[in-house]
Amino acid sequence: MNIVACTSPLQTGRIDNNLQWFRSHHDEIMSREPDLIVMAQNSLTGLVSDTLLRDTDFQSKLDAALCELSTFFSVPAIGSQDQWLHGQRKHRTLYFENGKATELDSATISCERQTLYIRADENAPFPNDLPVIDLFSRPATLSSPAYHNSIRIDALTVVDCGGYFEPHTGFLHCGETCHGGWQQGIYTVALTTSGWRTSAPLTCTWKQMNLLRWQLQTILRTLSLRDVVIGLSGGIDSTVNALLYQSVVGKDHILGVTMPSSYTSSVTRSIAKQLAKNAGIPLLTVPIKESVEATRTQLKKIAKATGVSLSLDGLPYENLQARDRTSRVLATIASALGATFTCNANKTETTVGYGTMYGDIAGALAATADLWKHEVYELAKDLDDFMGGGIIPREVFTVPPSAELSSAQDVTKGFGDPLIYPYHDYLFASWVQDTPLSLAEILECYEECTLTKRLGATVEVGTLFADADAFVADLERWWTLYRGLSIAKRVQAPPILAAGPYPFGKYLEAQGEPRYSDRYLAKRKKLLKK
């Protein structure tokens, strides 16, 4: 069976423009000699709000476009489209043939002695033996009354069946091999007796870089944003974000800003300058020491005069620096240029709220906040290769990750963030998956010396803590933050681009008190007695 997949460059809400793409590419599509044409979900509208979808003029235009599509091709075609029916949004999977558009439930289609399964319902199971075309992998519902802080353009699902293909993303699962294209255009996927084969130039391993770049392109175009201001700290997160955005908008539309404080080292300053030079992007240096001290002095003076006790040392002083950088400097520059500014957070920080509200947890988009720290390092290498190599200074990979907001985070002395990324990346990942690892199970694995293997951590957990007390204290510190204050921070954070199957926003989160089960408390008591 010869399947031609069409991943058109969607213009949200522009039915005429989206339909014109099919008109102008009709001959190219048919030249592939398809047995079946598969169109991306919502190919005619993109993902639009309920307000637009229920507009009567919009409905009429959509009905006419669907009618034209049903007569457009001389071979069967399938696609899925949101419509407003009976007072609510409905996601319909449509089979186009002989001038008719028929709604499909999940069903099998046979052609040329090949049979495949069309998954048209989110509750439909995946068969164990048939190849699958999934037409229901879809974004988080933007019209939901609950707040989603994750922009999820395409779902990523790997299933155990006879093969799996997402036509709208180019995601192809063949046994143990996964291919990820996420590219616009037309390509052929052949279903043979030995499985799927594709003409698309896809890599042998799924690249998060491809998905993130495609999402950024789509979102920035949709929001009519092109110019980007990015704070360059000399660390891995800002380095990756700079190259990621540059790969999408080009160096002429990127402005780097470095904002050294009293605690910024010469090492990270040098890295930021070298990165900007290698990447060919302009760099502004805006020291924040004077402005931070002016704010602190002003507030202390006013507080003293009014009899208010106000401490601006320690953590409040660190947060003051972070907010001065982002809320004052970056936001002002972006506003003056008609640009946007970025949030450079990663998923490890986002999980436990290691960041400052209205400081580094601010920006239009959080492009890397669904990447664990080790994934950010891996993405850096991919981006550097993609951009021609030799752009990222080697020191980025060796300098300790650090916010550099106090003397306790002095990278020249080997100090940095309080997170042990080779361990905490994997610990936190076990909390956010579909079936989380419970705290009681974590204690059991620690006691049995199997926690490293169970988590897949890249450092032996037993060597990180002096004793069980230290291990438990660390575990509870981060769990309390994950289920406590960090929820409030995530809800107010910029939209997160989904890079994997478990982005924040996939599941609703409610603010509440961190819970410790009776089973955990009993095991904790037993462990610490030893």
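**With respect to the packing of helix α12 (residues 421–432) against helix α15 (residues 468–482)**
Next up, step 1: At a minimum axis separation of 12 Å, α12 and α15 run at an interaxial angle of 50°. Between α12 and α15, the angle is such that the two are oblique. Handedness of the crossing formed by α12 with α15: right-handed. Contacts from Y423, H424, L427, F428, W431 and V432 of α12 reach α15 at F471, D474, L475, W478, W479 and Y482.
Next up, step 2: Here the contact of α12 with α15 is built from residues that sort into ten nonpolar, one polar and one charged.

**Describing the sheet that holds strand β18 (residues 340–341)**
Remark on secondary structure: sheet strands pair via backbone hydrogen bonds, oriented parallel or antiparallel.
Next up, step 1: Spatially, four strands are ordered β17-β16-β15-β18 in an open sheet, and the strand pairing comes out parallel. Edge positions in the open sheet fall to β17 (283–285) and β18, since each of these has one partner strand only.
Next up, step 2: In the sheet, strand β16 (residues 254–258) pairs with β17 via three bridges, with the strands oriented parallel. Bridge pairing links V257 to L284 in β17.

**So, the nonpolar core**
Next up, step 1: Of all hydrophobic cores here, the largest spans 38 residues; its most connected members are L216, L232 and Y245.
Next up, step 2: Mapped onto this core, the elements with two or more residues apiece are α5 (208–222), β15 (228–231), α6 (236–249), α7 (266–279) and α11 (373–386).
Next up, step 3: For this core, the element with the highest residue contribution is α6, accounting for eight residues.
Next up, step 4: Beyond its immediate stretch of four places on either side in the chain, L216 contacts L244, Y245, V248, L365, A367 and L497.
Next up, step 5: A457, V461, F465 and F471 belong to the second-largest nonpolar core, a separate cluster that totals 37 residues.

Cut-offs used in this document
- Numbers given for residues are sequential positions, taken from 1 along each chain in its written order.
- This being a predicted model, a pLDDT of at least 70 is required before a residue's local features are given, and a value of 80 or more before pairs of side-chain atoms are given or counted; all residues contribute to the totals for chains, interfaces and linings.
- Side-chain measures were taken over the full set of non-hydrogen atoms in the model, leaving aside hydrogen atoms and water.
- Here an axis means a line fitted to C-alpha atoms, over the contact stretch when the element is a helix, while the angle between two N-to-C directions is reported on a 0 to 180 degree scale.
- Strands here are runs of E lasting at least two residues and helices are runs of H or I lasting at least four, both read from the DSSP assignment and numbered beginning at the N terminus.
- In what follows, roughly perpendicular refers to angles from 65 to 115 degrees, roughly parallel to angles under 35, roughly antiparallel to angles over 145, and oblique to any angle outside these ranges.
- Should the near helix be turned counterclockwise from the far one by less than a right angle, the crossing is left-handed, whereas a clockwise turn marks it as right-handed.
- Throughout, a contact is declared for two residues whenever any of their heavy atoms are within 4.5 Å.
- Put simply, Ala, Val, Leu, Ile, Met, Phe, Trp, Tyr, Cys and Pro go in the nonpolar bin, Asp, Glu, Lys and Arg in the charged bin, and everything else, Gly too, in the polar bin.
- Note on pairing: DSSP must find at least two bridges between two strands before they are called paired.
- To form a nonpolar core, buried Ala, Val, Leu, Ile, Met, Phe, Trp, Tyr and Cys residues must be joined to one another through side-chain atoms within 4.5 Å.
- Each residue is placed in one exposure class: buried if its accessible area under a 1.4 Å probe, protein chains only, is under 20% of its type's maximum, exposed if it is over 50%, and partly exposed if it falls in between.

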